[in-house]
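Take a look at the letters that make up each chain.
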Amino acid sequence: MPTGKLIEAFELKDGEPGGYMSGVLDGFSCDISDLKIKLLNRLQRLMKHKSLKMLHKSWTLVSPGIIRGRIEYGFDEDSPIVIIDGKYFTWDEFGRMITSYEGWQFRLKIVDPTDED
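Within any chain, residue numbers begin from 1 and follow the written order of that chain's sequence. For this predicted model, a pLDDT threshold of at least 70 governs which residues receive local features, and a threshold of 80 or more governs which side-chain atom pairs are given and counted, while totals over whole chains, interfaces and linings are taken from all residues. To obtain the side-chain values, all non-hydrogen atoms of the structure were used and water was disregarded.

Tallying secondary structure elements over the protein gives 2 helices and 7 strands in all. Beginning at the N terminus, the succession of helices and strands in the protein can be written as β-β-α-β-β-β-β-β-α. For the C-alpha atoms alone, the extent of the protein along its principal axes is close to 50 × 30 × 25 Å. A 1.4 Å probe rolled over the protein chains alone gives each residue an accessible area, and that area as a share of the maximum for its type sets the label: buried under 20%, exposed over 50%, partly exposed in between. Burial statistics for the protein: of 117 residues in total, 25% are counted as buried. Within the structure as shown, the protein displays about 9000 Å² of accessible surface, and the carbon and sulfur contribution to it stands at 56%. Charged-residue counts in this description rest on Lys and Arg as positive and Asp and Glu as negative, His and the chain ends being excluded. We put the charge of a Lys on NZ, of an Arg on CZ, of an Asp on CG and of a Glu on CD. Between the mean site of the 16 positive side-chain charges and the mean site of the 19 negative ones, the protein shows a separation of 8 Å. The helix count covers DSSP runs of H or I at least four residues long, the strand count covers runs of E at least two residues long, and both are numbered beginning at the N terminus. Computed by Shrake-Rupley with a 1.4 Å probe, the accessible areas treat only the displayed protein chains as cover when residues are assessed.

As structure tokens, this is what we get:
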């Protein structure tokens, strides 16, 4: 990277990158072994945090709390795909999940994939 060393990891789904993904970025002089450890620690924190739970055979949001995920292009959709806890949802499915919070306020924070959130 023009700004330093980047290391990324991703889950394989059907032989393709998908599900959980993360990366860490550090300066040019950083030790690559230290960068790998930072990445492993980040992946452990990412996978430990759960935003979803199974309820009546469908995924619902853990209430109330922070929803962590990723936005991707929906090739077969006319809207983005949202990946939460490594699971894929259409924008409409995600919208149905948050309707149980009707009347609540929310904050949407979009961060670089290498940022700690």
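Looking now at the packing of aromatic side chains. Working definition: rings of Phe, Tyr and Trp (its six-membered ring) pair if their centres are within 6.5 Å, and the pair is stacked with planes under 30 degrees apart, edge-to-face with planes over 60 apart, and tilted otherwise. If you walk through the whole model with that rule in mind, you get 2 aromatic pairs. Here Tyr101 and Trp104 contribute two aromatic rings whose centre-to-centre distance is 5.0 Å and whose plane-to-plane angle is 75 degrees, an arrangement assigned as edge-to-face. Judged by relative accessible area, Tyr101 falls into the buried class, the value being 16%. Residue class for Trp104 comes out exposed when judged on its relative accessible area of 52%.

What follows is about the sheet that holds strand 5 (residues 69-72). For two strands to be treated as a pair, DSSP must find no fewer than two bridges joining them. If you walk across this open sheet you meet the 3 strands as 5-6-7, and the pairing is antiparallel. Unpaired on one side and paired on the other, strand 5 and strand 7 (87-90) mark the two borders of the sheet. Between one strand axis and the next, the sheet turns by 25 degrees as a mean value, whatever way the strands run. Bridge count between strand 5 and strand 6 (residues 81-84): 4 bridges; the pairing is antiparallel. By the bridge assignment for strand 6, Gly69 is matched with Ile84. Here helix 2 (residues 91-98) sits on the sheet and contacts strand 6 and strand 7; the angle it forms with strand 7, its principal contact strand, is near 90 degrees. Only the stretch in contact is used when a helix axis is fitted, and all axes are lines through C-alpha atoms; the angle between N-to-C directions ranges over 0 to 180 degrees. Only heavy atoms matter for contacts: two residues are in contact if any of them lie within 4.5 Å across the pair.

Below, the discussion takes up the nonpolar core. We call a set of buried Ala, Val, Leu, Ile, Met, Phe, Trp, Tyr and Cys residues a nonpolar core when their side-chain atoms join them within 4.5 Å. Formed by Leu52, Leu61, Val82, Ile84, Phe89, Phe94, Met97 and Tyr101, the largest nonpolar core amounts to 8 residues. Going through the elements one at a time, strand 6 and helix 2 are the ones with two or more residues in this core. Here Val82 is in contact with Arg70, Lys87, Tyr88, Phe89, Trp91 and Phe94, once residues within four sequence places are set aside. Formed by 6 residues, the second largest nonpolar core is a distinct cluster that contains Ile7, Val24, Leu35 and Leu43.

Attention now goes to a negative patch on the surface. Patches draw on residues past 30% relative accessible area with no salt bridge. Two like charges within 9 Å are joined, as are two nonpolar side chains (Val, Leu, Ile, Met, Phe, Trp, Tyr) within 5 Å. Should a side-chain nitrogen of Lys or Arg be within 4 Å of a carboxyl oxygen of Asp or Glu, the pair is scored as a salt bridge. There is a patch of like negative charges on the surface, built from Asp76, Glu77, Asp78, Asp92 and Glu93. Take Asp76: it is sitting in the loop between strand 5 and strand 6.

Keep in mind these values describe shape, not function.
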